[in-house]
Amino acid sequence: LKLLNKFVRETLRIYNAGVGMYRITTKQFKFGNHLVPANQKVFVYSGYDHFNVTDPFEFRPDRDQNYNWTPFGIGSRSCLGQIFAVMELKMIVYLTLYRYHIDITSSQPIMFPQFEINGSLA
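Residues numbered from 1 in each chain as written. Predicted model: local features only at pLDDT ≥ 70, side-chain atom pairs only at ≥ 80, totals over all residues. Heavy atoms only, no water.

Asks: Quick question: what am I supposed to make of the pattern of salt bridges here?
Replies: Applying the stated criterion across every chain, the model contains three salt bridges. Note that Arg13 is salt-bridged to Glu10, the shortest N-O span being 3.0 Å. Here the residue Arg13 and the residue Glu10 both occupy positions in helix α1 (residues 2–14), the gap between them amounting to three residues, near one helical turn. Of the two residues, Arg13 and Glu10, both sit in the buried class. Note that Glu10 is salt-bridged to Arg63, the shortest N-O span being 3.1 Å. One end of the pair, Glu10, is in helix α1; the other, Arg63, is in the loop between β4 (41–45) and α2 (82–99), and 53 residues separate them in sequence. The two residues Glu10 and Arg63 agree in class, both being buried. (Salt bridge = Lys/Arg side-chain N within 4 Å of Asp/Glu carboxyl O. Helix = DSSP H or I, 4+ residues; strand = E, 2+ residues; numbered from the N terminus. Buried < 20%, exposed > 50% of the residue type's maximum accessible area, 1.4 Å probe, protein only.)

In structure tokens, the structure reads:
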């Protein structure tokens, strides 16, 4: 069960359910070289922390999972169905492994799309 939890967590790290979330700032703050005023609508990309790890495009369920994991958002506005979604994903993986025999037929690694994350607001 621990390995299944790690598998699901690593899958959702790479393919998170939501791209990000909008928030309204409550006070002025500095982000890099930019000053963000109070009452400003900002978009928080939830995948940034997911790919801010060593070898971010490598699927490793045994990865140290001490990063900010937010595939369903965070806080009071996070997805209400996240517990059900994770449970459903675990059942799909379990039933697939139970009903089918899976073989690796190629020695080629699975490649994930490459993209660059830019932390600036400009």
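Asks: Hey, could you run me through the packing of α1 against α2 in this one?
Replies: When two helices pack together, their arrangement is captured by the angle between the axes and the distance separating the axes. At their nearest, the axes of α1 and α2 sit 10 Å apart, and the two run at 115° to each other. Considered as vectors, α1 and α2 are oriented roughly perpendicular to each other. α2 is crossed by α1, and the crossing has right-handed handedness. Seen from α1, the contacting residues are Leu4, Asn5, Phe7, Val8 and Leu12; seen from α2, they are Val86, Leu89, Lys90 and Val93. Split into classes, the residues belonging to the contact of α1 with α2 amount to seven nonpolar, one polar and one charged. (Axes fitted to C-alpha atoms, helices over the stretch in contact; angles between N-to-C directions. Parallel < 35°, antiparallel > 145°, perpendicular 65-115°, else oblique. Left-handed = near helix turned anticlockwise from the far one by under 90°. Contact = heavy atoms within 4.5 Å. Nonpolar A, V, L, I, M, F, W, Y, C, P; charged D, E, K, R; others polar.)

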